[in-house]
Amino acid sequence: MNGADADVSPARPHAAPPGAEWWRSAVVYQVYPRSFADSNGDGVGDLRGIIEHLDHIAGLGIDVIWLSPVYRSPQDDNGYDISDYEDIDPTFGTLADLDDLIVAMHERGMKLVMDLVVNHTSDEHPWFIDSAASPTSEHADWYIWRDPKPGFGPGEPGAEPNNWGSFFSGSAWRFEPRRGQYYLHLFSPKQPDLDWDNPHVRAAIFGMMNRWLDRGVDGFRMDVINFISKDPDLPDGEVVSTGFGDGTPHFAYGPRIHDHLSEMQREVFAHRPGAYLTVGEMPSTTPERALRFTDSETGQLAMVFQFEHMDLDGGPDGKWTENRATVPDLRASLSRWQLELGSRGWNSLYWNNHDQPRVVSRFGDDEHHWFASATALATVLHLQRGTPYVYQGEELGMTNVPFESIDDYRDIETLNHYADAVTRRGLDPAVVLAGIRAKSRDNARTPMQWSAADHAGFSSAEPWIGVNPNHLALNAAAQVDDPASIYGYYRRLIALRHEEPSVVHGDFALLLDEHPTVFGYTRSLGDEVLMMLANLSSDAATLDSSALPPGPWRLLLANTTDADVDTVPAILGPWDARVFRRGGTSGA
Ligand code: TEU
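A quick note: this is a predicted structure, and the numbers were derived from the prediction, not measured.

What follows is about the packing of helix α11 (residues 370-382) against helix α15 (residues 486-499). Closest axis-to-axis distance for the α11/α15 pair is 10 Å, and the angle between their directions is 15°. On the basis of their axis angle, the class for α11 and α15 is roughly parallel. With respect to the hand of their crossing, α11 and α15 are arranged in right-handed fashion. Taking contact as the criterion, the partners of W370, F371, A374, T375, A378, T379 and H382 in α11 are, on α15, I486, Y489, Y490, L493, I494 and R497. A class-by-class count of the residues in the contact of α11 with α15 yields nine nonpolar, three polar and one charged.

Moving on: the sheet that holds strand β18 (residues 528-535). The five strands lie next to each other as β16-β17-β18-β22-β20, forming an open sheet whose pairing is antiparallel. Whereas interior strands pair on both sides, the edge strands pair on one side only; in this sheet they are β16 (507-511) and β20 (553-558). Ignoring strand direction, the axes of neighbouring strands in this sheet form an average angle of 25°. Against the sheet, helix α9 (residues 327-341) contacts β16 and β17 (518-525), and its axis sits at roughly 155° relative to β16.

Our focus in this paragraph is the packing of aromatic side chains. This structure, assessed with the given rule, holds 30 aromatic pairs. Arranged with centres 6.4 Å apart and planes meeting at 75°, the rings of Y29 and F36 form a pair that is edge-to-face. Judged by relative accessible area, Y29 falls into the buried class, the value being 0%. Pairing W351 with F363 gives two aromatic rings, centres 5.4 Å apart and planes at 55°, and the pair type is tilted.

The next subject is the side chain of R385. Structurally, the position occupied by R385 is in the loop between α11 and β15 (387-391). One buried charged side chain, R385, makes no salt bridge at all; its nearest oppositely charged neighbour is D507, positioned 4.9 Å away. At 3.4 Å, the side chain of R385 and the backbone oxygen of G506 are in polar contact.

Turning next to helix α13 (residues 429-439). By the burial criterion, the buried members of α13 are V432, L433, A434, G435, I436, A438 and K439. Contacts made by the buried residues of α13 are with α10 (359-362), α12 (412-424) and α14 (442-445). Sitting at the amino-terminal end of α13 is D428, which places a side-chain oxygen 2.9 Å from the backbone nitrogen of A430.

The local shell around the ligand holds 18 residues, among which D77, D223, H354, D355 and E413 are the closest. At 3.0 Å from an oxygen atom of the ligand is found a side-chain nitrogen or oxygen belonging to R221. Separating an oxygen atom of the ligand from a side-chain N or O atom of E413 is a distance of 2.6 Å. When isolated, the ligand has an accessible area of 490 Å², and the protein chains bury 94% of it.

In this section: the pairing of strand β1 (residues 28-31). Along any regular strand the residues' side chains alternate between the sheet's two faces. On β1, burial covers both faces: V28 and Q30 on one face and Y29 and V31 on the other are all buried. With three bridges joining them, β1 and β15 adopt parallel strand pairing. Counterpart to V28 in the pairing with β15 is Y389. Note: β1 against strand β2 (residues 64-67), four bridges, orientation parallel. Bridge pairing in β2 links V31 to L67.

Thresholds, definitions, all that
Residues numbered from 1 in each chain as written. Predicted model: local features only at pLDDT ≥ 70, side-chain atom pairs only at ≥ 80, totals over all residues. Heavy atoms only, no water. Axes fitted to C-alpha atoms, helices over the stretch in contact; angles between N-to-C directions. Helix = DSSP H or I, 4+ residues; strand = E, 2+ residues; numbered from the N terminus. Parallel < 35°, antiparallel > 145°, perpendicular 65-115°, else oblique. Left-handed = near helix turned anticlockwise from the far one by under 90°. Contact = heavy atoms within 4.5 Å. Nonpolar A, V, L, I, M, F, W, Y, C, P; charged D, E, K, R; others polar. Pairing = 2+ DSSP bridges. Phe/Tyr/Trp six-rings, centres within 6.5 Å; stacked < 30°, edge-to-face > 60°. Buried < 20%, exposed > 50% of the residue type's maximum accessible area, 1.4 Å probe, protein only. Lys, Arg positive; Asp, Glu negative; His and termini not counted. Salt bridge = Lys/Arg side-chain N within 4 Å of Asp/Glu carboxyl O. Polar contact = N/O pair within 3.5 Å; in protein donor to acceptor, adjacent residues only side chain to side chain. Near = heavy atom within 4 Å. Areas by Shrake-Rupley, 256 points an atom, 1.4 Å probe, with all protein chains shown as cover.

Structure below.
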């Protein structure tokens, strides 16, 4: 299906170069451990399961694995609610299993980035248990506690200290009778927010991070790290259609965010040789702020995950609908980030993670052009400047799951949203469910499709969440040895990054910025110029060659067979993607 595949050699275990900023040429693979591979037959994925499947990841040419949380946790939010930062949850295994994973990865030339969830802990963390017990306990001021609103009795409706809504529906405050006070939880009530203005909190977290680095991990993906500094006045937010206030202006870029991250830099990373991959997850951030965080001279992080392209197809309050983003909007957003982070900042590049629906269903055409749309979207992303992330199953073109009923879903955000929208707000259940089908996080969390066997080869037991019925045809066993598969195409894209310095370091310039469906750009480094053209549509697209930079162009990579080697086509077929090199010899 993707014949004209050029002079990119097959993937091989890739040893990232030592020294500063090795992560600039790296490609990261995210493992969501619950859904990756179950080695012990309890229906839930685990660390041994990951070890058993490392060659699947190494075979793609991946440099780094980001592991979603495996720490001890009540699993209210699948591990993003941590009750012990320094132990492994028995669901996933033991510390010895993690050590074995690190060794097995390092042997294959891959590094490990751990998830760092320190905006909040679990309410079952000993710090919070102590904090909630009394206003005079040792950890009394480790979390964000406030008195009831004046004029209201404790616990009365309306007594919450401000009007903020939680990301997981309802108020962001919960009353604790033992203290006669409320605590802030931006996510679930079982995820109380830490008070980062307390120096004891920061010291405890930095100590914990240091111990993980001493153990051999190579960096951190920092969960909602831009939320850690709150405006201490906690002002009300603008009321949105849920009836709650939007607090993000008061915590998404709080007054001490750069101080806290600079202190982290000093206390955790500065005294260590080498470079660590640090990626800050930052909902509601802007290119200007992301540049401040990632500036190669003055920034505090290697890169951030921004959300602008993930928010283009949201409903009025950003919640889930069947809306689709247009190509011009997607192109304008992604290219703005490319240009504004420029040569001083650094992008992370992603379509998917454990919080987002599957890209081939969301921005592609999983029904009529599954292969071509999955590979076209991959090409658009991987040729950009920044560090690309591949989320488990993306390399197989895994799709959204056709769950029939709300009872099939497991995700707390999804279940709370459904209950809130349907029961409290009286919205049409069919409409709410359609939005959930299109955008729910559980689309990303169905079991990894290893084979056509029972439970997709993920587990010998009934998995914790339903398997996508399309695993009979769409699975790793059917793809890994086939160079014409989506997996084979990802290998070539990743190899291209490792072999072409212009893919890593080249300047970005947008092409055809008025075209209704084509995303095109060049990457230039000295005399080297690459051109990427992709038609993100199920209809053919006409190209005006006079609007393209002069050639001669030689084909380097194509996702469909009928590509003529050295001609920039006048028409791009549905979801055709092409990468060309200026001058030089032909790749095919
Ligand atoms: O996600 C933060 C975040 O922005 C999510 O609220 C996301 O926008 C939303 O779920 C999309 O539907 C991080 C983690 O990635 C997520 O899994 C956690 O639930 C959340 O933080 C709390 O730790």
